[in-house]
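The primary structure of each chain is shown beneath.
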Amino acid sequence: MPCIVGISAFYHDSACCLLRDGRLVAAAQEERFSRIKHDPSLPLQAFEWCLQEAGLRADEIDSVAYYERPGAKLERQLAMDLPAFPPFHPDRLLQLDPRAVKDSIANRLGYTGPVECIGHHLSHAASSFYFSGFEEAALFNADAVGEWATTTYGKGNADGCTLFEQVNFPHSLGLLYSAITSYLGFRVNNSEYKVMGLAPYGEPRFMGVFEQLLQDGQDGQFQLDPAFFNFSGRGKMYTPALVDLFGIPAREQESEITGDHKNIARSLQLALEEMLVKKVRYLHKKTALPHLCMAGGVALNCVANSRISREAGFERVFIQPAAGDAGGCLGAAAVAHHRLTGECPRLNMSGTKLGPSIVKEDAVRLLNLSSENYTSYVEDEAGLLNAVSDKLTEGKIIGWCQAKMEFGPRALGARSILADPSVPGMQEKVNKLIKRREAFRPFAPAVLAEHAEDYFEMDKASPYMLFTFQVKPGVSLPAITHVDGSARVQTVSKQDDPRFYGLLQALRAKGRAPVLLNTSFNMRKEPIVCTAEDAVICFIRTGLDVLVLGDVIIERDQVPVSWLKWWE
């Protein structure tokens with residue numbers, strides 16, 4: 001059976017994965033190693049780590065699969081970009097050279113074997129279908145843009161993934177959302193989720209505007225009015241006509257968020273949801289299949305996902321947890337495996353824990369180098385979970401760094417900041433002292449899977465935080481309850497993560513709800529921590545009370561003064 005490397009790179013969120021003998025061995029994003037958030041560069045460090053994890057050399061790889069077709073992408077880039085750059089600069093031409101991907105893989109990764117370039121939306125579709133466990137499913141993908149496609153419709157079965165309809169650039173739900181994200185003063189390809197979080201604070205008073213910006217079309221089609229957008233890659237993503245249409249100035253970054261801004265966010269979110277539900281209903285009618293697989297950056301909009309799950313007609317919906325471009329490497333590798341072997345891969349996400357591991361020896365070694373002030377629970381997991389649950393019930397905020405790092409944008413119990421969501425003021429404390437982010441942004445809960453229905457109005461598992469559910473009436477969990485009464489729930493099973501499951505059980509044994517505020521272990525504008533060193537540095541720089549690093553615990557008052565002075 002072959003060894004196949006999948007790569008996504010050169011736009012944002014570059015990543016690498018490795019399939020060996022039809023099994024997903026490793027996957028990681030380059031940003032976790034480089035410490036550059038959304039790092040777009042060739043994932044050299046992620047590639048080296050994947051090989052190390054599999055015990056392979058570059059010359060033992062049978063194929064590298066890249067997540068898009070550079071030649072087809074160049075066609076669009078030429079149409080939208082180069083004509084505005086006379087005289088053509090040689091560096092600009094080199095950047096657009098479709099041979100540059102294969103050349104970079106050969107020259108920088110040291111791999112000179114076959115490289116297969118998979119279509120961008122086919123990579124998205126495969127990244128969901130081959131990991132879904134479904135024998136057959138409808139496929140829906142939506143993002144900013146691949147080569148030309150922005151939304152695609154298809155079917156997946158034992159013969160692979162087939163896409164039968166697409167919406168082409170510049171008509172894009174992802175680009176619409178990004179353009180309004182920019183208009184609202186947030187960073188594109190970074191802060192779209194902030195707009196989703198802001199939306200419940202507003203009213204849909206600008207729906208008339210969005211009906212002009214976005215029009216429905218026949219079957220799976222829709223159109224954006226080009227008079228209001230600039231998708232050339234130069235300057236703002238919107239034209240002065242959009243400012244005139246809204247009748248209010250675009251918001252400057254970090255400035256006050258007004259009622260109008262909240263209303264625009266709410267209207268945008270509702271317009272997206274309505275179009276998505278219409279188009280996925282069309283797909284259901286077209287395919288008559290009971291299961292749906294979704295991918296692409298738009299599939300990370302958990303509020304829209306929830307409406308699709310409830311209203312589009314499918315019995316089950318699966319969304320690959322790294323649904324954006326990072327996850328494209330998974331789909332590319334899976335397609336290459338299917339083509340090379342003729343066998344349809346049935347792959348498992350393993351709860352997304354696919355990255356570098358924190359092992360107990362690393363944690364103890366690191367702390368022994370710098371401090372004797374820690375408590376070790378090596379070979380005593382019950383003692384560790386009891387001690388950590390005690391600190392949570394005392395209102396302490398915990399940096400929790402365990403085992404293998406997650407793949408994708410969500411912290412799911414391996415690189416997490418944890419707190420008791422029932423403690424008054426906890427959301428504000430975590431936001432202000434630790435995450436240092438906007439106060440309107442909600443936090444997500446992690447809950448024991450078998451007790452999720454006691455606290456949330458839900459009837460299915462949600463292990464990847466990709467759906468929202470209403471908090472049940474009478475349940476008081478203010479730190480994870482959004483202004484509209486919803487929460488982006490992660491259900492935790494013993495099979496997916498025994499230690500995180502055990503911590504939630506320990507809380508329940510103490511008479512607390514088996515629910516934790518769970519947010520990513522990082523500071524604002526930085527990637528999630530990867531190594532033990534990353535975790536210690538983030539712990540020192542933030543207001544975290546406790547760091548749990550593998551089997552050891554260090555508390556804030558045990559931190560050596562020299563550590564604190566170093567980061568003053």
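Scroll up a little and you will see the structure.
The rules behind these values
- Residues numbered from 1 in each chain as written.
- Predicted model: local features only at pLDDT ≥ 70, side-chain atom pairs only at ≥ 80, totals over all residues.
- Heavy atoms only, no water.
- Helix = DSSP H or I, 4+ residues; strand = E, 2+ residues; numbered from the N terminus.
- Rg over C-alpha atoms; globule rule 2.2 N^0.38 Å.
- Buried < 20%, exposed > 50% of the residue type's maximum accessible area, 1.4 Å probe, protein only.
- Contact = heavy atoms within 4.5 Å.
- Areas by Shrake-Rupley, 256 points an atom, 1.4 Å probe, with all protein chains shown as cover.
- Lys, Arg positive; Asp, Glu negative; His and termini not counted.
- Charge placed at Lys NZ, Arg CZ, Asp CG, Glu CD.
- Core = buried A, V, L, I, M, F, W, Y, C linked by side-chain atoms within 4.5 Å.
- Pairing = 2+ DSSP bridges.
- Axes fitted to C-alpha atoms, helices over the stretch in contact; angles between N-to-C directions.
- Polar contact = N/O pair within 3.5 Å; in protein donor to acceptor, adjacent residues only side chain to side chain.
- Salt bridge = Lys/Arg side-chain N within 4 Å of Asp/Glu carboxyl O.

To continue, consider the overall build of the protein. Helices and strands together make up the secondary structure of the protein, namely 20 helices and 24 strands. In terms of C-alpha radius of gyration, the protein reaches 23 Å, essentially the compact-globule figure of 24 Å for 568 residues. Seen along its three principal axes, the alpha-carbon backbone of the protein occupies a region of about 60 × 60 × 50 Å. Within the protein, the fraction of its 568 residues that count as buried is 59%. Sequence-distant contacts in the protein: of pairs separated by 6 or more residues, those separated by 24 or more amount to 69%. Carbon together with sulfur atoms contributes 49% to the accessible area of the protein, which is approximately 22,300 Å² in total. Between the mean site of the 59 positive side-chain charges and the mean site of the 68 negative ones, the protein shows a separation of 3 Å.

Ranked by internal contacts, the top residues of the largest apolar core, which has 173 residues, are Phe210, Phe246, Leu292, Phe456 and Leu549. Setting aside chain neighbours within four positions, we find Phe210 in contact with Leu176, Ile180, Phe246, Ile264, Ser267, Leu268 and Ala271. Counting residues in each nonpolar core, the second largest holds 22 residues, with Leu385, Val388, Trp400 and Tyr501 among its members.

Taken in spatial order, the five strands line up as S3-S2-S1-S4-S5 in an open sheet, and their pairing is mixed. Sheet topology places strand S3 (23-29) and strand S5 (115-117) at the edges, where each strand pairs with a single neighbour. Between one strand axis and the next, the sheet turns by 20 degrees as a mean value, whatever way the strands run. Of the strand pairs in this sheet, strand S1 (residues 3-8) and strand S2 (residues 15-20) are connected by six bridges, and their pairing is antiparallel. The partner of Cys3 across the bridge, within S2, is Arg20. Most of the contacts of helix H2 (residues 44-54) go to S3, to which it runs at about 150 degrees, and overall it touches S1, S2 and S3.

With respect to topology, five strands assemble into an open sheet ordered S8-S7-S6-S11-S12, the strand pairing being mixed. Strands at the two margins of the open sheet, each flanked by one partner only, are strand S8 (160-168) and strand S12 (316-319). Averaged over neighbouring strand pairs, the angle between their axes works out to 20 degrees when direction is ignored. Sheet analysis places strand S11 (residues 291-295) next to S12, joined by four bridges and oriented parallel. Of the residues in S12, the one forming a bridge with Met294 is Ile319. Against the sheet, helix H11 (residues 259-287) contacts strand S6 (137-142), strand S7 (149-157), S8 and S11, and its axis sits at roughly 150 degrees relative to S6.

Attention now goes to H2. Among the residues of H2, those classed as buried are Ala46, Phe47, Trp49, Cys50, Leu51 and Ala54. Its buried side turned inward, H2 meets S1, S2, S3, helix H1 (31-34), helix H5 (100-109) and strand S13 (353-358). Remark: Gly55 follows H2 within two positions and exhibits a positive phi of approximately 70 degrees.

A few words now on the side chain of Ser462. Here Ser462 lies in the loop between helix H17 (452-455) and strand S19 (468-470). Judged by relative accessible area, which is 2%, Ser462 ranks as buried. Engagement of the side chain of Ser462 in a polar contact is seen with the backbone oxygen of Val489, the distance being 2.9 Å. Setting aside residues up to four positions removed in sequence, Ser462 forms contacts with Phe467, Phe469, Val489, Gln490 and Thr491.

Examined against the element boundaries, Asp39 turns out to sit in the loop between H1 and H2. The buried charged residue Asp39 lacks any salt bridge, with Arg108 as its nearest oppositely charged partner at 8.5 Å. Polar contacts involving the side chain of Asp39 include one to the side chain of Ser41, which spans 2.7 Å. In contact with Asp39, not counting residues within four places along its chain, are His12, Asp13, Ser14, Glu30, Glu31 and Ser34.

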